[in-house]
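Working through the structure, step by step
Okay, here's what each chain looks like letter by letter:
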Amino acid sequence: MADLTVNFAGIKSPNPFWLASAPPTNMGSMVERAFDAGWGGAVWKTLGEPIRNVCSRLAAVDMGPQRMMGLNNIELITDRPLEVNLKEIRECKRKYPKHALIISLMVESKREAWHEIAKKVEDTGADGVELNFGCPHGMSERGMGAAMGQVPDYTCMVTEWVKEATRLPVIVKLTPNVTSITPPGRAAVRGGADALSLINTINSVMGVDLETMIPHPNVNGMAAHGGYCGPAVKPIALNMVSELARDPEIGIPISGIGGISTWRDATEFLLLGATTVQVCTAVMHYGYRIVEDMIDGLSNYLDEKGFRSVNEIIGHSVRRITDWGNLDLNYKTVARIDHKICIQCNLCHIACEDGAHQCIPFTEIEGKRFPIVDEAECVGCNLCYLVCPSPGCISMVRLDDGSRPLTWRELTTRQPETMTAD
Amino acid sequence: MSTRHDSPISIEQIERNFREIAPALTAADAIFEANRCVYCYDAPCTRACPTHIDVPAFIKKIASGNLVGSARVIFDANPIGATCARVCPVDVLCEGACVEKTLMDKPIEIGRLQRYATDYVMSRERDVFQAGAPNGKTVGIIGSGPAGLSCATYLARLGYGVTIYDRRPLAGGLDTYAMAEYKMPMRVSVDEARMAERLGVEFKLNTEIGRDISLADLEAAHDSIFLGVGLGETSRLNIPGEDLPGVYDALHFIERIKTRDWANIPIGRTVAVIGAGNTAIDAVTQAKRLGAERVLMIYRRSQREMPAYEYEYELAKKDAVEFWWQTAPVAILSDSETPRVAALRCVRMDLGEADASGRRTSAPVPGSEFEIPVQMVIKALGQQKRRSFFEQIQGVELDNAGRLRVNPETMQTDNPKYFAGGDCVNGGREAVDASQAGKLAAQGIHLSLTGEKVEFAGARLPLHEETSGIKAH
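**Here we look at the overall build of chain B**
- Within chain B one finds 19 helices and 14 strands.
- For 473 residues, the compact-globule formula gives about 23 Å, and the C-alpha radius of gyration of chain B, at 23 Å, lands near that figure.
- Seen through its principal axes, chain B has C-alpha atoms that stretch 65 × 55 × 50 Å.
- Counting only residues that meet the buried cut, chain B has 48% of its 473 residues in that class.

Encoded structure:
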């Protein structure tokens, strides 16, 4: 069985599966139950000056029968007294010395305030701190959370303050509500961050109740934008994680967050450069128990692929992500439909007809009418393959005419007039 | 009528036995099932449906929460869509063609989803169509069964004054009086007739042509006449004892069940049903539900020749019906004291080669006669054609099998004033086939009276008719 232990910026963890700072890590008894269930680490619900929450706080988007494809919340940081949290953190760390216990922090933008809380946390024996520069609702209106993360200079400055006050590893949690994740990521590094975690939640309005015409979640007839998370945000998170993982100016460990529900999701984050992953929505949906299959699935995957340690796959696929201009223009695939397992739903036909390149006409085979690809016209876009409900029916086949790879960059260097083409 | 209650089981038990076999979907079931539909393009289910309902469209509307729109899609192509949702042989039509059946042998429950959408509007009396502006023309429709109701609905939508004549007290024809009670109660088709009524269709019930109103009067009153008269009486066995008390015609037996007056519905301890079509299955399964201890299905040929649908046969097997293959009745015998059914004398049959119709011939095995004690015999031999009725109408022609001859596109008979559809034209098929015929006839009548071509939803396959051989009914 492969070794799942990781060392994240000096923080040792029995596996890369951590709970994100959120309702599932609200207090000691919860974090302890999570550790018992198998979670390798937990980021405690953000500490700061206790706040007052509103009711209600959560809303979701469903996708057909799949509930909570996306979840949004307008809950704030902890509403429990600081001293109570610190006491429980100390007890929890004493009971679970081998687990990673990270404390999320958010206080007003004053050097003394950050110094004070960082010291108090260090005193509990916790393994590290995570600076919450990402919370997009409520706290940001008070100059905290995303208000820090959206201004790289502030990100750098506060990171420096915390580093001045503690020897604990400092993780900076980034907000995705920026046009590019690179400047805030680099700013955290400049401020001395030991690691990054991302993404925090995305600004979102979840929808409108068509009966009452009041948006969700309803707070006495009104709503405010909240933070979006859950399976729907995973591709956005993967993009941002891999952007930073392939930035040579970053060079510090990343904890990947955003829509992770299964070991598969987690493994994708690891392959794209995350050393640990953090999970929230899936636990809010199904409970701590989901970590069992995450551990089991990752472990079996590593065994089957012949890896002895999870560390061998971290960042494995980062080099497979590049800029569009470096992609091979001469690579050619076409779709092939195996009519023997075609169920004749014709989704490929109509998708190609109305959404792509009109190259899947009907062809009569043995008295039945099948959608069959006109390979000469097929541009290899994948759409038919993506819509086909019959497993294995459509495959994308490489047509190799022997031509050498050619990228847009190479092409435009050789033929500058191509610059104007798409 | 005095309460007799022949059944050995309690009325409460009978009531339980007659619970619907395909109950209504819950909202959660419906959403789940609707979302399972892959939304095929030029869908096989739509092709397989004789009325070509745009099935993926109505299912996606259920998924999106647009139930009124969903019901409109259904009723647009099939005015008796609520009845068909319950009684259609979906296994050999839409659900049999479903790609989810091909993929994982679990077709989308199209019938029950159709019921879900149609129940929604019918329970609210939310009409999804309006009558057209009156065009001053009137059409008389004989028979309020599926063909007549369908034809009437489309004509009312076009602005015709429509009057339906039916000899029975309730509208709906066989949909009301002959559907197995565990599939559908009378209320559903009666409510469908009410929908037509709200479109302005006038119903003259308890009105028999030739007795209460003459054909000549009908012809004088209407610009066109549609014949949706169905078939006649159940065929006779032509064996001794056929008229003894205790011998029933399957349609009459089922009609008694439709009253749900359980105490007054006759049932024997041992019941023999003669025939092996779908009506025979309805008879055996309901005889069992009424409390008969033994129910025998007597058929002259073998299981392979049985005309009933496979899933109907499965249903009968589940009800522990005894199948007597290659057995033919030769006489119904009575007790010496009372003139009542006491036994059925049968003979074993030998099967020969297939005849011109493809069915194997059968011949009695000499000396193989035997008697089975039974208290009730139900004849389910199919219905006779209504030749004598049609002989009264000038100019209409019948084919060799006694079916009315029509132009298959316009449903016009050889007498241009008369149109026809349903069992009297096709010889006896499903309600959904009759509904489609009613639709085509409405188009044909409109063309004949105005010269204008209209095409209602599902009148033809939406696409690619040239290859429509795929899983068509």
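After that view of the structure, there is still more to cover.
**Digging into the overall build of chain A**
- Tallying secondary structure elements over chain A gives 13 helices and 18 strands in all.
- On C-alpha atoms alone, chain A measures out to a radius of gyration of 24 Å, which is about the 22 Å that the 2.2 N^0.38 rule sets for 422 residues.
- When its C-alpha atoms are laid out on the principal axes, chain A stretches across 75 × 55 × 50 Å.
- Considering chain A as a whole, with its 422 residues, one finds that 45% of them fall into the buried category.
- Within chain A, contacts between residues at least 6 apart in sequence are counted, and of these 72% link residues at least 24 apart.

**A short note on the interface of chain B and chain A**
- Counting residues at the interface gives 15 residues for chain B and 16 residues for chain A.
- Of all the secondary-structure elements, those providing two or more residues to the side of chain B that touches chain A are helix H2 (27-36) and helix H8 (99-104) of chain B.
- Residues of the side of chain B that touches chain A, tallied by class, amount to nine nonpolar, five polar and one charged.

**Observations concerning unusual backbone geometry**
All names here are of chain A.
- In the segment running from cysteine 55 into serine 56, the intervening peptide bond is cis, with an omega of 5°.
- Inspection of the secondary structure puts serine 56 in the loop between strand E4 (41-47) and strand E5 (58-63).
- In this structure, methionine 68 is a non-glycine residue whose phi angle is positive, near 55°.
- You will see that glutamine 358, though not glycine, has its phi angle at about 50°, which is positive.

**Remarks on the packing of helix H3 (residues 111-122) of chain A against helix H5 (residues 152-165) of chain A**
All names here are of chain A.
- Taken N-terminus to C-terminus, the directions of H3 and H5 make an angle of 45°; their axes are 8 Å apart at the nearest point. Classified by the interaxial angle, the pair formed by H3 and H5 is oblique. For the pair H3 and H5, the sense of crossing is right-handed. Taking contact as the criterion, the partners of Arg111, Trp114, His115, Ala118 and Lys119 in H3 are, on H5, Val158, Trp161, Val162, Glu164 and Ala165.

**Observations regarding the sheet that holds E5 of chain A**
All names here are of chain A.
- What the four strands build is an open sheet, ordered E5-E6-E12-E11; its pairing is antiparallel. Two strands in the sheet have a free side with no partner beyond their single neighbour: E5 and strand E11 (202-204). When the angles between neighbouring strand axes are averaged without regard to direction, this sheet yields 45°.
- Here E11 pairs with strand E12 (residues 226-229) via three bridges, running antiparallel. In the sheet register, asparagine 203 faces E12, and the bridge partner there is glycine 227.

**Some points on the sheet that holds strand E14 (residues 418-420) of chain B**
All names here are of chain B.
- The strand order across the open sheet built from five strands is E3-E2-E1-E4-E14, with neighbouring strands paired in parallel fashion. If you trace the sheet from one side to the other, it starts and ends with strand E3 (202-204) and E14, each paired once. Direction aside, neighbouring strands of the sheet carry axes that sit 20° apart on average.
- Where strand E1 (residues 138-142) and strand E4 (residues 224-227) come together, four bridges link them in parallel fashion. By the bridge assignment, isoleucine 142 is partnered in E4 with leucine 227.
- Contacts from helix H10 (residues 146-157) reach E1, strand E2 (161-165) and E4 within the one sheet, and its direction differs from that of E2 by about 165°.

**Observations regarding the environment of asparagine 218 of chain A**
Residues and elements named next belong to chain A.
- With respect to the element layout, asparagine 218 can be found in the loop between E11 and E12.
- By C-beta crowding, asparagine 218 is classed as partly exposed, having 14 other C-beta atoms within 10 Å.
- Remark: the alpha-carbon pair of asparagine 218 and arginine 57, spanning 161 residues in sequence, is separated by 8.0 Å.
- In contact with asparagine 218, not counting residues within four places along its chain, are Ser56, Asp209 and Ala223.

**Re the pairing of strand E17 (residues 368-371) of chain A**
Residue and element names in this part refer to chain A.
- Residues Arg369 and Pro371 point to one face of E17 and are all buried, whereas Lys368 and Phe370, pointing to the other face, are not buried.
- With four bridges connecting them, strand E16 (residues 362-365) and E17 associate as antiparallel partners. Looking at E17, one finds that threonine 363 is bridged to phenylalanine 370.
- If you look at the hairpin formed by E16 and E17, you'll find two residues sitting between the two strands, and glutamate 366 has a positive phi there, around 50°.

**Focus: the nonpolar core**
- Within the largest apolar cluster, 156 residues are counted, with the highest numbers of intra-cluster contacts made by Leu155, Val273, Met297 and Ile378 of chain B.
- The element best represented in this core is helix H19 (residues 431-450) of chain B, accounting for eight residues.
- Those residues in contact with methionine 297 of chain B, other than ones at most four positions away along the chain, are Val273, Ala276, Ala280, Val284, Ala316, Val321, Glu322, Phe323 and Trp324 of chain B.
- Ala118, Val162, Leu174 and Val310 of chain A belong to the second largest nonpolar core, which has 98 residues in total.

**Some remarks on H3 of chain A**
All names here are of chain A.
- Across its twelve residues, H3 extends 17 Å between first and last C-alpha, which sits within 8% of the 16 Å expected from 1.5 Å per residue.
- When H3 is considered as a whole, its buried residues turn out to be Trp114, Ile117, Ala118 and Val121. Relative to the axis of H3, the buried residues are bounded by an arc of 100° and lie together on one face. More than 90 degrees from the buried face of H3, the exposed residues found are Glu112 and Lys119.

**Examining the packing of helix H1 (residues 28-37) of chain A against helix H2 (residues 82-95) of chain A**
All names here are of chain A.
- H2 packs onto H1 with a crossing angle of 20° between their chain directions and a minimal axis gap of 9 Å. Taken together, the axes of H1 and H2 are roughly parallel relative to one another. As for how H1 packs across H2, the hand of that crossing is right-handed. On H2, the residues that touch Gly28, Val31 and Glu32 of H1 are Glu88, Glu91, Cys92 and Lys95.

**A short note on the pairing of strand E6 (residues 270-274) of chain B**
Residues and elements named next belong to chain B.
- Extensive coverage of E6 is indicated by the burial of five of its five residues.
- Burial along E6 is two-sided: Thr270, Ala272 and Ile274 and Val271 and Val273, pointing in opposite directions, are all buried.
- The pairing of E6 with strand E7 (residues 294-298) spans five bridges and is classified as parallel. Across the sheet, residue alanine 272 finds its bridge partner in E7, namely leucine 296.
- On the question of chirality, the crossover connecting E6 to the parallel E7 by way of helix H15 (residues 278-289) is right-handed.
- The pairing of E6 with strand E13 (residues 376-379) spans four bridges and is parallel. Residue isoleucine 274 lies in a different strand from E13, and its bridge partner there is lysine 379.

**Describing the environment of aspartate 191 of chain B**
- For aspartate 191 of chain B, the location among the structural elements is in helix H12 (residues 186-198).
- Once the C-alpha coordinates of aspartate 191 of chain B and glycine 159 of chain B are considered, the two residues, 32 residues apart in sequence, prove to be 21 Å apart.

**Digging into H10 of chain B**
Residues and elements named next belong to chain B.
- The end-to-end C-alpha distance of H10, which contains twelve residues, comes to 17 Å, matching closely the 16 Å that a straight helix rising 1.5 Å per residue would cover.
- Taken together, the buried positions of H10 are Pro146, Ala147, Gly148, Leu149, Ser150, Cys151, Ala152, Thr153, Tyr154, Leu155 and Ala156.
- Downstream of H10 by a residue or two, glycine 159 has a phi angle that is positive, lying close to 100°.

**Here we look at the confidence of the model for chain B**
All names here are of chain B.
- Chain-level statistics for chain B give a pLDDT mean of 94 and a share of 97% at 70 or above.
- Note on residues 465-473: pLDDT is under 50 here. Beyond four places in sequence and across chains, it has 19 contacts.
- Here the complex is predicted with pTM 0.90, and the ipTM for its interfaces comes to 0.85.

**Some points on the environment of glycine 145 of chain B**
- Inspection of the secondary structure assignment puts glycine 145 of chain B in the loop between E1 and H10.
- Leave out the neighbours within four places in its chain, and glycine 145 of chain B touches Gly172, Gly173, Leu174, Asp175, Gly228, Gly230, Gly422 and Ala434 of chain B.

The rules behind these values
- Residues numbered from 1 in each chain as written.
- Chains lettered and ligands numbered in written order.
- Predicted model: local features only at pLDDT ≥ 70, side-chain atom pairs only at ≥ 80, totals over all residues.
- Helix = DSSP H or I, 4+ residues; strand = E, 2+ residues; numbered from the N terminus.
- Rg over C-alpha atoms; globule rule 2.2 N^0.38 Å.
- Buried ≥ 20, exposed ≤ 12 C-beta atoms within 10 Å, placed from the backbone.
- Contact = placed C-beta atoms within 7 Å.
- Nonpolar A, V, L, I, M, F, W, Y, C, P; charged D, E, K, R; others polar.
- Axes fitted to C-alpha atoms, helices over the stretch in contact; angles between N-to-C directions.
- Parallel < 35°, antiparallel > 145°, perpendicular 65-115°, else oblique.
- Left-handed = near helix turned anticlockwise from the far one by under 90°.
- Pairing = 2+ DSSP bridges.
- Core = buried A, V, L, I, M, F, W, Y, C linked by C-beta atoms within 7 Å.
- Expected span 1.5 Å × (residues − 1).
- Arc of directions from axis to C-beta.
- Right-handed = clockwise from strand over helix to strand, strands pointing away.
- pLDDT = per-residue confidence, 0-100.

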